[in-house]
Amino acid sequence: MTQFVILLFEEKIFLLVAILFSSAAEGNPRSLDEQNADSCNSYQTLSEAWRNVNHGVNSPAECDRDMNGEWYRFMGAAGDRMPTQRPPSTHRCGTDAPMWLNGAHPSVADGVVSRQACAYYSNDHCHWSATIQVKACSDGFYVYQLPSPPQCRLVYCGETDRAIDPCTSGNGGCAHTCVLTGPASSHCECRDGFSLGQDGQSCVDIDECMPNNGGCSNQCVNSPGSYHCACQPEKGWLMLSDNKTCQDINECTANNGGCSHQCVNTPGSYHCACPDDELALGPDGHFCTVHGAAIDCTNDYMQVELPRDTVGNLDAKHLHWEPDRGCGATSNGTHIRLRTGLYQCGTQVEFTPDDVIFSNRIVTRGNYTAMLDGVITRGGDVDIPVRCVYPRKELVRTSFRPAVRTLRFTERGVGALTLRLDAFPTQQFLQPYGEADFPLSMALRSDMFLQLEAEGHQRDGELSVLAETCMATPSMNLNDQHQYVLIENGCPKDATFHSFSSPNPAVQRFGFQVFRFVDDQPVVYVHCEVVVCNTSDPTSRCAQGCINNARSKRALPMTGRHFISQGPLVYHGKGEKEWGPVTSGLLAVGGFLCGVLLMAVGVAIRKRQQRPLYHAVPTTN
């Protein structure tokens, strides 16, 4: 009912209108449900990215202290709802204590419901709490009536409903990364080095080498999502620290590139050249040869033939192999010929990973000073380097076959056994030499370590082994006429022989200093006659060990029992002390490269010595 009241004051009339609402005359006021129904249409939005449960803490930490019971909807980067499980950790949602919904979301039919909002802090899932109102709207989202939190640095968190997250199904169709942009929207992104394809999902490799060769000075190599600079060919260039610039390697600075005369450096490579029309590069591309000169490399010798018309007035009597003046030349009227054994006349040997190289020099005698036509001269002396190059792998497969270092047999009363004789580089006996290491190239008087081992089906400690006799020969033939006894009747015969402790009786370890057969034999094989015994038998031959009784000795060459060999060992003179020049080499077959060089340098002459049949190198005082 509406009442009007008229007041008279000092002849002025004031009209006071009072509007009174009567429940009987005007009807009921708006109900709470009517007011809440408007919340699905009238709300504030929470869209801050830091509010999402996957976001960490901000600095300073956020706080929802400005909230005062208004209705809110989570949208955008914040998510589309409050999480119904505690966050993975504290210090989420941009704050210290993230708040989550401790209960399920209602359905549309449930209307407005009360729920507890918990603050996760200090390992307490609900350290603080507040009562909030939640409503499901018919358009598929939720609104929340949020009061001010009970403490500061508390924030109501949001998350994206996984049920409508497009990135959870097949990575959103993206080849690389699916990025959520809204409650039900996403887009694809590519990793570094890729660009997004026209379909908006695939990723296409970016060829970084297309613009400006990737900044590389030589070669740019593109790879999926990346690239790198390279130097081609690798051996002729050096990659600088910027990983982009290739610097040419001057191969001629190291040993003249291996060239006998001139070394010509080129970008990324080099080549050898000869300074004279009388000379030509040999087959190896490094040594200059005299036109018409011929060299013959065989298993036993190397031979050089020089046409007389290419060397002017040179006479055969004036030439010899260095340093042995006794190794001279012969002549048939048209050619001058010089021949030397691979291990004679001062011939030297060099081992490379792929080849074995024999080298010597032909020089003039000191009293020969005539100038030579077509040959480089210095003071009238002539130097003719000669070398034969043999592929090392071919040598190992043929003349230099490794000895039989593993023997399998059946011993009566013992059973199936495997006998091994391995060579080791150190007396710790950690890792034996392998097949690829042979032939072993070792210095004279260096230490050689051998391990004899019997392997069987018995338990450890039941077998024992004894090297009853061991000998060295310059070939794999046990009955070679050149023999040197290392062990006889279990007793050491070499002055440098040493025994080493072993882990069990089935292993015998010993060593000696490397020696040489001085009758131009550079190769050494070791052969052992082995006895395998039962360790528990105190009367066995292994238990007896060294027997010096002359009646027990058996004549050589060895026959019968179990024989096993080790080798070949090739000596070189680099570690030699108090000895003259050592001829070192190995038997050779197969293809070769050879080169003959004539040029004038000084001549060094050494006297050849007479040699006994064999010689054991004495120990060092």
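Residues numbered from 1 in each chain as written. Predicted model: local features only at pLDDT ≥ 70, side-chain atom pairs only at ≥ 80, totals over all residues. Heavy atoms only, no water.

For the rest of this paragraph, the subject is the pairing of strand β19 (residues 269–273). Sheet topology places strand β18 (residues 262–266) next to β19; five bridges connect them, and they run antiparallel. In the strand pairing of β19, glutamine 262 is matched with alanine 273. Where β18 folds back on β19, the antiparallel hairpin that results is connected by two residues, among which glycine 268 adopts a positive phi of roughly 80°. (Pairing = 2+ DSSP bridges. Helix = DSSP H or I, 4+ residues; strand = E, 2+ residues; numbered from the N terminus.)

With respect to the helices, strands and loops of the structure, asparagine 218 is situated in the loop between β13 (203–205) and β14 (219–223). Between the alpha carbons of asparagine 218 and alanine 230 there is a distance of 6.6 Å; along the sequence they are twelve residues apart. Beyond its immediate stretch of four places on either side in the chain, asparagine 218 contacts Asn213, Ala230, Cys231, Gln232, Trp237 and Cys246. (Contact = heavy atoms within 4.5 Å.)

Here the focus is the sheet that holds strand β6 (residues 112–121). Taking strand neighbours across the sheet as the criterion, the seven strands line up as β3-β4-β8-β7-β6-β5-β9 in an open arrangement whose pairing is mixed. Where the open sheet ends on each side, the last strands, each with one partner, are β3 (44–46) and β9 (154–156). With strand direction ignored, the average angle separating the axes of adjacent strands in the sheet is 40°. Where β3 meets strand β4 (residues 70–74), three bridges bridge the pair, whose relative direction is parallel. Within β4, the residue paired with glutamine 44 across the bridge is tyrosine 72. (Axes fitted to C-alpha atoms, helices over the stretch in contact; angles between N-to-C directions.)

Moving on to the environment of proline 307. With respect to the helices and strands, proline 307 occurs in strand β23 (residues 301–307). Looking at proline 307, the relative accessible area reads 9%, which means it is buried. For the pair proline 307 and glycine 333, spaced 26 residues apart in the sequence, the C-alpha separation amounts to 9.2 Å. Aside from chain neighbours lying at most four places away, what touches proline 307 is His291, Gly292, Ala293, Thr334 and His335. (Buried < 20%, exposed > 50% of the residue type's maximum accessible area, 1.4 Å probe, protein only.)

Time to look at the sheet that holds β23. Taking strand neighbours across the sheet as the criterion, the four strands line up as β22-β23-β26-β25 in an open arrangement whose pairing is antiparallel. Two strands close off the open sheet at either side, each with one partner strand: β22 (294–297) and β25 (330–331). Looking at chain direction, β25 and strand β26 (residues 335–341) are connected through two bridges and run antiparallel. By the bridge assignment for β26, threonine 330 is matched with arginine 337.

Right, let's talk about the state of the cysteines for a bit. In this structure the tally under the stated criterion is 17 disulfides. Disulfide pairing places cysteine 118 opposite cysteine 126 at an S-S distance of 2.0 Å. Between cysteine 118 and cysteine 126, the S-S dihedral sits near -70°, and the bridge is therefore left-handed. Assessed through its relative accessible area of 0%, cysteine 118 is described here as buried. Two residues, cysteine 491 and cysteine 546, share a disulfide whose sulfurs are 1.7 Å apart. Here cysteine 491 and cysteine 546 share a disulfide; its torsion about the S-S bond, 100°, makes the bridge right-handed. Residue cysteine 491 is found in strand β36 (residues 491–492), and its partner cysteine 546 is found in the loop between α4 (541–544) and β40 (562–572); the two are separated by 55 residues along the sequence. Judged by relative accessible area, which is 38%, cysteine 546 ranks as partly exposed. (Disulfide = S-S within 2.5 Å.)

Bringing the side chain of threonine 90 into the picture now. Along the chain, threonine 90 falls in the loop between β4 and β5 (97–102). Looking at threonine 90, its side chain comes within polar contact range of the side chain of histidine 91, at 2.9 Å. Beyond its immediate stretch of four places on either side in the chain, threonine 90 contacts Asp96, Pro98, Tyr120, Tyr121 and Ser122. (Polar contact = N/O pair within 3.5 Å; in protein donor to acceptor, adjacent residues only side chain to side chain.)

The full count for this structure, using the stated rule, is seven salt bridges. A salt bridge links aspartate 64 to arginine 51; the shortest N-O distance between them is 2.8 Å. With aspartate 64 in the loop between β3 and β4 and arginine 51 in the loop between β3 and β4, this pair connects stretches of sequence that are 13 residues apart. Across this residue pair, the class does not change: aspartate 64 and arginine 51 are buried. With its nearest N and O atoms 2.7 Å apart, the salt bridge here joins arginine 541 to glutamate 468. Of this pair, arginine 541 sits in helix α4 while glutamate 468 sits in strand β34 (residues 463–473); the two residues are 73 residues apart in sequence, bridging distant segments of the chain. In the salt-bridge network here, residues are joined through shared partners; they are Glu48, Arg51 and Asp64. (Salt bridge = Lys/Arg side-chain N within 4 Å of Asp/Glu carboxyl O.)

What follows deals with unusual backbone geometry. Cis geometry marks the peptide bond from serine 59 to proline 60; its omega dihedral reads 5°. Relative to the assigned elements, proline 60 resides in the loop between β3 and β4. Of note in the backbone geometry, asparagine 213 takes a positive phi value of approximately 55° without being a glycine. Within the secondary structure, asparagine 213 is located in the loop between β13 and β14.

This brings us to a nonpolar patch on the surface. A surface patch of nonpolar side chains, amounting to about 210 Å² of accessible area, comprises Leu238, Leu240 and Ile249. In this fold, leucine 240 is placed in the loop between β16 (237–239) and β17 (246–248). Overall, the relative accessible area of 31% leaves leucine 240 in the partly exposed class. (Patch = residues over 30% accessible without salt bridge, like charges linked within 9 Å, V, L, I, M, F, W, Y side chains within 5 Å. Areas by Shrake-Rupley, 256 points an atom, 1.4 Å probe, with all protein chains shown as cover.)

The next subject is the environment of aspartate 447. With respect to the helices, strands and loops of the structure, aspartate 447 is situated in strand β33 (residues 447–456). For the pair aspartate 447 and phenylalanine 497, spaced 50 residues apart in the sequence, the C-alpha separation amounts to 9.8 Å. If we skip the residues at most four places from it in the chain, aspartate 447 touches Met442, Phe512 and Gln513.

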